[in-house]
Amino acid sequence: MNDLNVAAVCGTVTSEPKQRELPSGSIVTNVEVTTRLDDDTHSVPIVVVDAPVTVRAGDRVVAVGRIVRRFFRAGGVTQSRTELVATKLVRASNKRTVDRALQRAAAELAG
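Anyway, here's the lowdown on the structure attached to this text. (Residues numbered from 1 in each chain as written. Predicted model: local features only at pLDDT ≥ 70, side-chain atom pairs only at ≥ 80, totals over all residues. Heavy atoms only, no water.)

1. Notes on the overall build of the chain
- Counting its regular elements, the chain contains one helix and six strands.
- Scanning the chain from its N terminus toward the C terminus, one meets helices and strands in the order β-β-β-β-β-β-α.
- The averaged location of the 12 negative side-chain charges in the chain is 4 Å from the averaged location of its 16 positive side-chain charges. (Helix = DSSP H or I, 4+ residues; strand = E, 2+ residues; numbered from the N terminus. Lys, Arg positive; Asp, Glu negative; His and termini not counted. Charge placed at Lys NZ, Arg CZ, Asp CG, Glu CD.)

2. A closer look at a positive patch on the surface
- On the surface, K88, R96, R100 and R104 cluster together to form a positively charged patch.
- Element by element, the count of residues in the positive patch is highest for helix α1 (residues 95–110), at three residues.
- Mapped onto the elements, R104 comes out in helix α1. (Patch = residues over 30% accessible without salt bridge, like charges linked within 9 Å, V, L, I, M, F, W, Y side chains within 5 Å. Areas by Shrake-Rupley, 256 points an atom, 1.4 Å probe, with all protein chains shown as cover. Salt bridge = Lys/Arg side-chain N within 4 Å of Asp/Glu carboxyl O.)

3. Digging into the side chain of S26
- Inspection of the secondary structure assignment puts S26 in the loop between β2 (18–21) and β3 (27–37).
- Not counting chain neighbours up to four residues away, the residues in contact with S26 comprise R20, E21, V49 and D50. (Contact = heavy atoms within 4.5 Å.)

4. Topic: the pairing of strand β1 (residues 7–13)
- One ladder, built from six bridges, connects β1 with strand β5 (residues 60–74); its direction is antiparallel. Paired with T12 across the strands is R60, a residue of β5. (Pairing = 2+ DSSP bridges.)

5. Brief notes about the side chain of N30
- Inspection of the secondary structure puts N30 in strand β3.
- The exposure class of N30 is buried, given its relative accessible area of 19%.
- Discounting residues that sit within four places of it in the chain, N30 has contacts with P17, K18, R20, I46 and V47. (Buried < 20%, exposed > 50% of the residue type's maximum accessible area, 1.4 Å probe, protein only.)

6. A look at the pattern of salt bridges
- Enumeration over the complete set of coordinates arrives at six salt bridges.
- The shortest N-O distance in the salt bridge between E32 and R81 comes to 2.9 Å. Taken together, the residues span a long stretch of sequence, with E32 in strand β3 and R81 in strand β6 (residues 77–91) at a distance of 49 residues.
- You can call R81 partly exposed: its relative accessible area is 28%.
- The partner of R70 in a salt bridge is E83, with the nearest N and O atoms 2.9 Å apart. Residue R70 is located in strand β5, and its partner E83 is located in strand β6; the two are separated by 13 residues in the primary sequence.
- Note on R70: relative accessible area 28%, which makes it partly exposed.

This is the structure in structure tokens:
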């Protein structure tokens with residue numbers, strides 16, 4: 001079996017998406033999504049690169065992509081951030097698009 005890095009998250013967008021342009025010209029959008037499982041709450045940073053993001057704070061969403069740990073320097077110190085780099089970020093109410101994204105992820109897992 002090959003190594004895989006496939007992740008799916010379903011939760012609520014907790015703040016308005018933040019967009020920035022990189023020196024390369026790429027557009028990066030950061031979205032914070034909160035998941036709740038029983039009494040456990042987790043914040044998941046989602047990154048979308050060069051794709052439109054139409055979700056807003058309060059929207060219930062599904063994100064499918066890969067987990068990436070990124071290193072950067074801030075204040076003279078090396079820091080890291082683990083985030084889900086999404087290939088698809090859609091409102092959970094868009095059942096057809098959610099189903100297709102999850103089917104693609106499942107097919108990748110199945111090899």
